[in-house]
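Examining the three-dimensional arrangement
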Amino acid sequence: MSSRPTQVIRFHVRHHAAVMSGEKVTTVRWQEQVAVGPATFVFGDGPTAPTLTGRVLGVETHPLPTLSAADARQPIGTDMAAFAQELRAGYYPDMPDDTEVQVVEIEVLDEPRPTRWFAERTERQRHAYARRFIDIASDGKDVDGEARLIDAMATPGSTVLDAGCGAGRITHALSVRGHRVIGVDADPILVEAGREQHPGTDLRVLDLVDLTPHVGGPFDVIVCTGNVMTYVEPGTERAILAAMATVIAPRGRVVFGFHTDRAYTVEALDQDASDVGWHLEHRFGTWNLDPFTGESDWAVSVFRSA
Ligand SMILES: C[S@@+](CC[C@H](N)C(=O)[O-])C[C@H]1O[C@@H](n2cnc3c(N)ncnc32)[C@H](O)[C@@H]1O
């Protein structure tokens, strides 16, 4: 499977509504390596409006001095000198007069982001996964190990985000322990099943890339386990940690659990966490606090925010 990141096209936040509605279908770019294919549209410098998933349908190169309103898909009569000035003011202060620009045709897709979870699981398997922990629990086996450790490290009544909650197993187990928990997951099949299995839990369909501004916060603890970080859309891991960093409380804890043999490694996690200002407080090999060693096939990583 390819782990090539999807290309990112950045817009001023004021364009969000028009791009989302399909009213804005082109954008003019200078010296960006835009290519036909999948794209993620990001708005503002921070995650100030939800990112959108889409495609670049076409790229045409035009000399800026002769770029017409029709070339740039602007209304007839648009003052193209003023248009170039706006491009400079908004995006490219160093753009000279005598250069070439690209007119990029874009399309927003209604589909969810192409996470590895969606790529690797059929709908039938996702329905089966939604039942899995109910069946395990009905056999009398433990399904609350992660929640017990999170409960031990959180003060009573903490705010908790279960990031990639699946069918809400951990959201539920922490809620009944008295914490205020929101569970978010990109898979509507799992979220719907979770709402039926655990009425009263707060479960929402949301991609972790788009956390801000949808879940509020700040959260005392974010728990992201069950291999979630190894199932996200390849290339979005850093953006997900950056989004989490906007909703974690100061001195809050962010806890990840995943297998050590996947495309996203503990080393990559440590780098991404350090980039958003978190430091690694603990790393265990299991949720029962077995030590983490070079042989560990699982890592529980506990970070502290600044
Ligand atoms: C193996 S399940 C684990 C579910 C849950 N944490 C548990 O342990 O029961 C992995 C989950 O990660 C979710 N996931 C993957 N990428 C995601 C993303 N970008 N945003 C939200 N959820 C995501 C999938 O939809 C799936 O429910």
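To keep things clear, this report deals only with the structure shown in the data block. (Residues numbered from 1 in each chain as written. Predicted model: local features only at pLDDT ≥ 70, side-chain atom pairs only at ≥ 80, totals over all residues.)

**Let's talk about unusual backbone geometry**
Put simply, Gly217 and Pro218 share a cis peptide bond, and its omega is 0 degrees. Of note, Pro218 is situated in the loop between helix H8 (211-214) and strand S9 (219-224). In the Ramachandran plot, Leu289 falls in the positive-phi region, its phi being about 70 degrees despite a non-glycine side chain. Within the fold, Leu289 resides in the loop between strand S11 (279-284) and strand S12 (298-304). Take Leu289: there are 12 C-beta atoms within 10 Å of it, and that puts it in the exposed class. (Helix = DSSP H or I, 4+ residues; strand = E, 2+ residues; numbered from the N terminus. Buried ≥ 20, exposed ≤ 12 C-beta atoms within 10 Å, placed from the backbone.)

**Focus: the pairing of strand S7 (residues 180-185)**
A regular strand places its side chains so that they alternate between the two faces of the sheet. A large share of S7 lies buried, amounting to five of its six residues. In this structure, strand S6 (residues 159-163) lies alongside S7, joined through five bridges in parallel fashion. Bridge pairing in S7 places Leu161 opposite Ile182. With respect to chirality, the unit in which S6 leads through helix H6 (residues 169-175) into the neighbouring parallel S7 is right-handed. For S7 and strand S8 (residues 202-205), the ladder comprises four bridges, and the chain directions are parallel. Residue pairing across strands places Gly183 opposite Leu203, the latter belonging to S8. With helix H7 (residues 188-197) bridging S7 and its parallel neighbour S8, the resulting β-α-β unit is right-handed. (Pairing = 2+ DSSP bridges. Right-handed = clockwise from strand over helix to strand, strands pointing away.)

**Looking at the nonpolar core**
The biggest cluster of nonpolar side chains holds 56 residues, and the ones touching the most others in it are Ile150, Val160, Ala163, Ile222, Val223 and Met244. It is helix H10 (residues 237-245) that provides the largest number of residues to this core, a total of six residues. Apart from the residues within four sequence positions on either side, Val160 is in contact with Ile150, Ala154, Leu174, His179, Arg180, Val181, Phe219, Asp220, Val221 and Val223. (Core = buried A, V, L, I, M, F, W, Y, C linked by C-beta atoms within 7 Å. Contact = placed C-beta atoms within 7 Å.)

**Here's the deal with the sheet that holds S12**
In spatial order, the strands read S8-S7-S6-S9-S10-S12-S11; together these seven strands make up an open sheet with mixed pairing. Among the strands making up the open sheet, the edge pair consists of S8 and S11. Within the sheet, the average angular offset between the axes of one strand and its neighbour, ignoring direction, is 20 degrees. Pairing of S11 with S12, which is carried by five bridges, proceeds in the antiparallel orientation. Along S12, the bridge assignment pairs Leu280 with Phe303. (Axes fitted to C-alpha atoms, helices over the stretch in contact; angles between N-to-C directions.)

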